[in-house]
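# Descriptive analysis of the structure
Spelled out, the chains give:
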Protein chains: 4
Amino acid sequence: MTTTDDMLRSHPGDLAPLDEGALARCVEACLACAQACVACADACLSEPDDVVPALRACIRLTQDCADFCTAAARAVSRQTGADHTVLRAVLRACVTICGACARECETHAGRHDHCRVCAEQCRAGEKACQDLLDTLP
Amino acid sequence: MTTTDDMLRSHPGDLAPLDEGALARCVEACLACAQACVACADACLSEPDDVVPALRACIRLTQDCADFCTAAARAVSRQTGADHTVLRAVLRACVTICGACARECETHAGRHDHCRVCAEQCRAGEKACQDLLDTLP
Amino acid sequence: MTTTDDMLRSHPGDLAPLDEGALARCVEACLACAQACVACADACLSEPDDVVPALRACIRLTQDCADFCTAAARAVSRQTGADHTVLRAVLRACVTICGACARECETHAGRHDHCRVCAEQCRAGEKACQDLLDTLP
Amino acid sequence: MTTTDDMLRSHPGDLAPLDEGALARCVEACLACAQACVACADACLSEPDDVVPALRACIRLTQDCADFCTAAARAVSRQTGADHTVLRAVLRACVTICGACARECETHAGRHDHCRVCAEQCRAGEKACQDLLDTLP
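Residues numbered from 1 in each chain as written. Chains lettered and ligands numbered in written order. Predicted model: local features only at pLDDT ≥ 70, side-chain atom pairs only at ≥ 80, totals over all residues.

A count of helices and strands for chain A gives five helices and zero strands. Listed by position from the N terminus, the elements making up chain A come as α-α-α-α-α. Compactness check: chain A gives a C-alpha radius of gyration of 16 Å against a globular reference of 14 Å for 137 residues, within 12% of the reference. Dimensions of chain A, computed from C-alpha atoms along their principal axes, come out at roughly 55 × 25 × 20 Å. (Helix = DSSP H or I, 4+ residues; strand = E, 2+ residues; numbered from the N terminus. Rg over C-alpha atoms; globule rule 2.2 N^0.38 Å.)

Moving on to the interface of chain B and chain D. With eight residues of chain B in contact, the opposing surface of chain D contributes eight residues. For the side of chain B that touches chain D, the secondary structure elements donating two or more residues are α2 (20–45) and α3 (56–77) of chain B. (Contact = placed C-beta atoms within 7 Å.)

For the rest of this paragraph, the subject is the interface of chain A and chain D. Tallying the contact residues gives 33 residues for chain A and 33 residues for chain D. At the level of secondary structure, the elements contributing two or more residues to the side of chain A that touches chain D comprise α1 (3–9), α2 (20–45), α3 (56–77) and α5 (113–135) of chain A. Partitioning the side of chain A that touches chain D into residue classes produces 14 nonpolar, 13 polar and six charged. (Nonpolar A, V, L, I, M, F, W, Y, C, P; charged D, E, K, R; others polar.)

Attention now goes to the packing of helix α4 (residues 84–108) of chain A against helix α4 (residues 84–106) of chain B. Look at α4(A) against α4(B): their axes get within 9 Å of each other, and the N-to-C directions meet at 170 degrees. When the axis of α4(A) is compared with that of α4(B), the two are roughly antiparallel. Every pair of crossing elements has a handedness; the one defined by α4(A) and α4(B) is left-handed. Judged by residue contacts, A:Thr85, A:Val86, A:Ala89, A:Val90, A:Arg92, A:Ala93, A:Thr96, A:Ile97 and A:Ala100 of α4(A) engage B:Thr85, B:Val86, B:Ala89, B:Val90, B:Arg92, B:Ala93, B:Thr96, B:Ile97 and B:Ala100 from α4(B). Counted by class, the contact of α4(A) with α4(B) contains 12 nonpolar, four polar and two charged residues. (Axes fitted to C-alpha atoms, helices over the stretch in contact; angles between N-to-C directions. Parallel < 35°, antiparallel > 145°, perpendicular 65-115°, else oblique. Left-handed = near helix turned anticlockwise from the far one by under 90°.)

This part takes up the relation of the copies chain A and chain D. Of the transformation superimposing chain A on chain D, the axial component is 0.0 Å and the angular component is 180 degrees, with the fit at an RMSD of 0.0 Å. In short, the pair behaves as if placed about a two-fold rotation axis. (Least-squares fit on C-alpha atoms with pLDDT ≥ 70 in both.)

In screw terms, the move from chain B to chain D is a rotation of 180 degrees and a rise of 0.0 Å along the axis, fitting with an RMSD of 0.0 Å. By residue overlap, the copies meet face to face through one surface: 100% of the interface positions of chain B are interface positions in chain D.

Orientation of α2(A) relative to helix α3 (residues 56–77) of chain D, taken along the N-to-C sense of each, is 35 degrees, at an axis distance of 9 Å. Between α2(A) and α3(D) the crossing geometry is right-handed. Residues A:Gln35, A:Val38, A:Ala39 and A:Asp42 of α2(A) form the contact with α3(D), whose participating residues are D:Ala73, D:Arg74 and D:Ser77. Of the residues in the contact of α2(A) with α3(D), the class split is three nonpolar, two polar and two charged.

This part covers the environment of A:Leu87. Residue and element names in this part refer to chain A. Along the chain, Leu 87 turns up in helix α4. Residues Leu 87 and Glu 28, spaced 59 residues apart in sequence, show a C-alpha to C-alpha distance of 16 Å. Excluding anything up to four places from it in sequence, Leu 87 contacts Ala 82 and Leu 136.

Here we come to the confidence of the model for chain A. On average, residues of chain A score 94 in pLDDT, and 99% of them are at 70 or above. In the predicted assembly, ipTM is 0.95 and pTM is 0.97. (pLDDT = per-residue confidence, 0-100.)

Let's shift gears to α3(D). The end-to-end C-alpha distance of α3(D) is 32 Å, a good match for the 32 Å that 22 residues give at a rise of 1.5 Å each. In terms of burial, α3(D) is a largely internal element, 20 of the 22 residues being buried. (Expected span 1.5 Å × (residues − 1). Buried ≥ 20, exposed ≤ 12 C-beta atoms within 10 Å, placed from the backbone.)

So, on to the environment of D:Thr62. All names here are of chain D. You can see Thr 62 is positioned in helix α3. By C-beta crowding, Thr 62 is classed as buried, having 29 other C-beta atoms within 10 Å. Between the C-alpha atoms of Thr 62 and Ala 36, which are 26 residues apart in sequence, the distance is 8.4 Å. Excluding anything up to four places from it in sequence, Thr 62 contacts Cys 37, Cys 40, Ala 41, Cys 101 and Cys 118.

Let us now look at the environment of D:Cys118. All names here are of chain D. With respect to the secondary-structure elements, Cys 118 resides in helix α5 (residues 113–135). Counting along the chain gives 25 residues from Cys 118 to Ala 93, while the straight-line C-alpha distance between them is 18 Å. Once residues lying within four places of it in the same chain are set aside, the contact partners of Cys 118 are Ala 36, Cys 37, Cys 40, Thr 62 and Cys 105.

Shown next, in the form of structure tokens:
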């Protein structure tokens, strides 16, 4: 998805002091994590009757994570009058939520491939948000 | 909107140690704030040609705030396996974002009634999230 | 939630030929339906182990309905350069999705109060979208 | 973004009669379109003072399109108890909204590269939704 790069490059505003590469990686990681979480919640729900109940916490957390990663990808994409207080709050929340969802999915990763893939995307989202946070002045 | 109360009351899970009233007020305040922010961004955009440019930061922040308040209302509504680490991160981010959006809208409140109403809803969202945060063990 | 009315009244654009009352009712009904659907999906997931599997279709549809009603409330709230082709498409989709979700929730309404309340909100959302659709020229 | 393919492959449900490739392309096109639309709305808002007013309709439509493509990507990703009535309504709405947004962005594509890229993504979203619609029985 190089659309994110194309859009950042064609933005008339000045991204400085934000790092364009870190921004693009954060947006893409959040979108991929959100998508994996929506799909994992639904895949969990489709498991056999005697398996679904053990996945309740996973279905809940993947929904929360999908909602926040979607909101984060949007906020990070908006460069007009970037408010670092808001950006910092968004990224910190996303690091926490991605981490919590990753931990839950990792406990099911051995049995369910959708949880394994989702956990990886959550860890990637957590890292990309932390990396962008680290570049903020 | 007593639907929030009805839904919390009919939830089969145990809300304790969360306070049902604080939860319902937080959900409702986040939804009202998100709605005001969507409408305010659009109203700002409809102001006369020579006014819109001064409202750029407002249009940006109201969009961010709408996205996070929507995500927060959803996460706070989900009671299955409530994870206080996630809930705390969500509420803290919302307090910061609502506060930032309120400050921006307040600077335009004297001239634009949509900013005055939106600022009030942002302050109400900020307070309701902080109040729920204060009840968390 | 009179915030919707306040925001419509303070919008600098001209709402004509749209009916302000029908617009406000549609926004409020979509928001209430979205909120009920998020809460119902989560309440279904919290039912006993032997009950959850029968609620799979309900959990799925309430999530779809929550997502579309949220998007519809936002699009209907935006009055800048209102495009009736888009508004019509949004409202038609919402009528169909609210109706499908209502039918599913109604089959569980006798046993689960959250499904009963949610079904009522879906029917109200369906009606408010159809009513606004009927006022479009 | 092969995450979508990975997640569809690991879903315990049966996708038939839906075409897995068409599904994955639709999800990815909707996500890319939503992301381009969020970024285009913000880039439009960052244009010089005398340019922004001419982009009002574009800022409005890109926000509507972002919201519906995000909701569509989520609904199409959910395979549990797939309801073709809902899927059809979602895809039809998305075709209309992506098309309307593409037409608007195309009128600015010669002057603004962000509108050119966004228009391309909207056309890709429109096509992917129509292609999936054509495979529905």
